[in-house]
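Spelled out from the first residue to the last, the chains are:
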Amino acid sequence: MTTQHDTILLIGHGSRESEGNDEIHRFVAQWRTRQPGWNIQVCFIEFAPPSLHDGLLQAAAGSARVLVLPLILNAAGHVKMEIPEAIEHARAHCPGTEFLYGPHLTACDPILAVLRRNLRQCMATLDMPDPTTTGVVLLGRGASDRQANGDVAKMARWLMEETDHELVDLAFTGITWPRLERVVQRQVQLGMKQVVVLPYYLFTGTLMQRIARQVEHLRQQYPQVRFAQASYFGFEKEIFALLEQRVADLRAGVQDSRLPCDGCKYRELAHDLGHGHSHAHTHAPVPATDAVVHLHQHDHGHSHAPAHGEHHPHSHGVLTA
């Protein structure tokens with residue numbers, strides 16, 4: 001087998017709808033066309049093969065280095081806990097391969113550019129393209145992680161700063177609040193004549209189908225209001241460019257090009273306390289003194305373990321990023 005110096009492993013979330021998983025495979029095919037000299041592979045966190053663990057081991061075969069890139073918008077439990085655990089497992093099984101873990105797509109100007117373009121396209125379909133009477137709802141997936149939800153809130157604020165819309169709200173399809181129906185109700189009460197729903201999603205799946213049903217229900221509930229719904233945005237040029245920048249930064253060893261959760265003892269402590277995923281491998285226990293020191297010094301700017309009373313992002317029946 002020809003040895004490849006780098007393998008780029010793209011990690012998709014995975015969907016119960018095969019169409020969503022097929023779209024990720026098409027995304028990878030397009031990326032390979034853009035970068036024909038790169039060895040690009042793909043795996044999924046759940047619902048589709050190859051699994052996260054299988055994907056990491058397959059990527060390591062014949063490669064000196066694996067660049068792991070989450071094709072995920074916001075960092076919740078999967079990005080902060082599950083993927084780093086799987087990487088540790090792969091490192092133990094493939095000691096001759098280096099694994100570098102890049103950041104998720106995150107809230108950033110390229111994503112904002114996609115949202116602004118989707119908003120402009122929706123406004124062009126409305127009878128009265130007046131931003132002062134058109135409410136905007138940025139609709140995210142929802143997580144138990146406050147930073148992940150906060151990133152969606154940040155994008156909503158950025159969208160308001162960069163447009164003439166006076167009312168840009170956020171809503172979530174699950175886990176956290178507010179939900180789409182309540183936000184639309186408030187916007188109508190405030191006098192909005194039109195509402196644009198901007199899904200904060202990369203690819204299709206069961207949730208995108210649910211959003212379409214919800215918007216149709218809202219049309220019937222508020223016949224005096226015009227609604228426009230944008231699509232997801234996984235195939236936009238900005239997404240490819242973001243991933244290519246992640247690859248370039250990892251290869252160049254740029255500061256902060258690696259996700260801080262890779263090798264984080266705070267995550268290990270959370271796992272030992274029962275907040276992590278259960279895999280075939282286990283972490284070595286974190287000494288109590290080290291754990292306490294790391295808890296006080298941890299400055300990644302995110303919370304790995306849910307606060308008391310919150311739903312854990314990996315509990316059954318909830319959605320995670």
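Residues numbered from 1 in each chain as written. Predicted model: local features only at pLDDT ≥ 70, side-chain atom pairs only at ≥ 80, totals over all residues. Heavy atoms only, no water.

Caption draft 1: Focus on the pairing of strand 8 (residues 226–229). As paired strands, strand 7 (residues 194–199) and strand 8 are joined by four bridges and run parallel to one another. Bridged to Val196 within strand 8 is Ala228. Between the parallel elements strand 7 and strand 8, the chain passes through helix 7 (residues 206–221) in a crossover that is right-handed. (Pairing = 2+ DSSP bridges. Helix = DSSP H or I, 4+ residues; strand = E, 2+ residues; numbered from the N terminus. Right-handed = clockwise from strand over helix to strand, strands pointing away.)

Caption draft 2: Structural detail: the pairing of strand 5 (residues 134–140). Counting buried positions along strand 5 yields seven of seven residues, so the element is predominantly enclosed. The alternating pattern of strand 5 places Thr134, Val136, Leu138 and Gly140 and Gly135, Val137 and Leu139 on opposite faces, both of which are buried. With six bridges connecting them, strand 5 and strand 7 associate as parallel partners. When the sheet's bridge partners are listed, Val137 is paired in strand 7 with Val197. Note that strand 5 and strand 6 (residues 168–172) share five bridges and pair parallel. Note on strand 6: the bridge partner recorded for Gly140 is Phe172. A crossover connection joins strand 5 to the parallel strand 6 through helix 5 (residues 146–161); in handedness this β-α-β unit is right-handed. (Buried < 20%, exposed > 50% of the residue type's maximum accessible area, 1.4 Å probe, protein only.)

Caption draft 3: Examining the side chain of Thr176 more closely. Considering the arrangement of structural elements, one finds Thr176 in the loop between strand 6 and helix 6 (180–189). Setting aside anything within four residues of it in sequence, one finds Thr176 in contact with Gly142, Ala143 and Asn149. (Contact = heavy atoms within 4.5 Å.)

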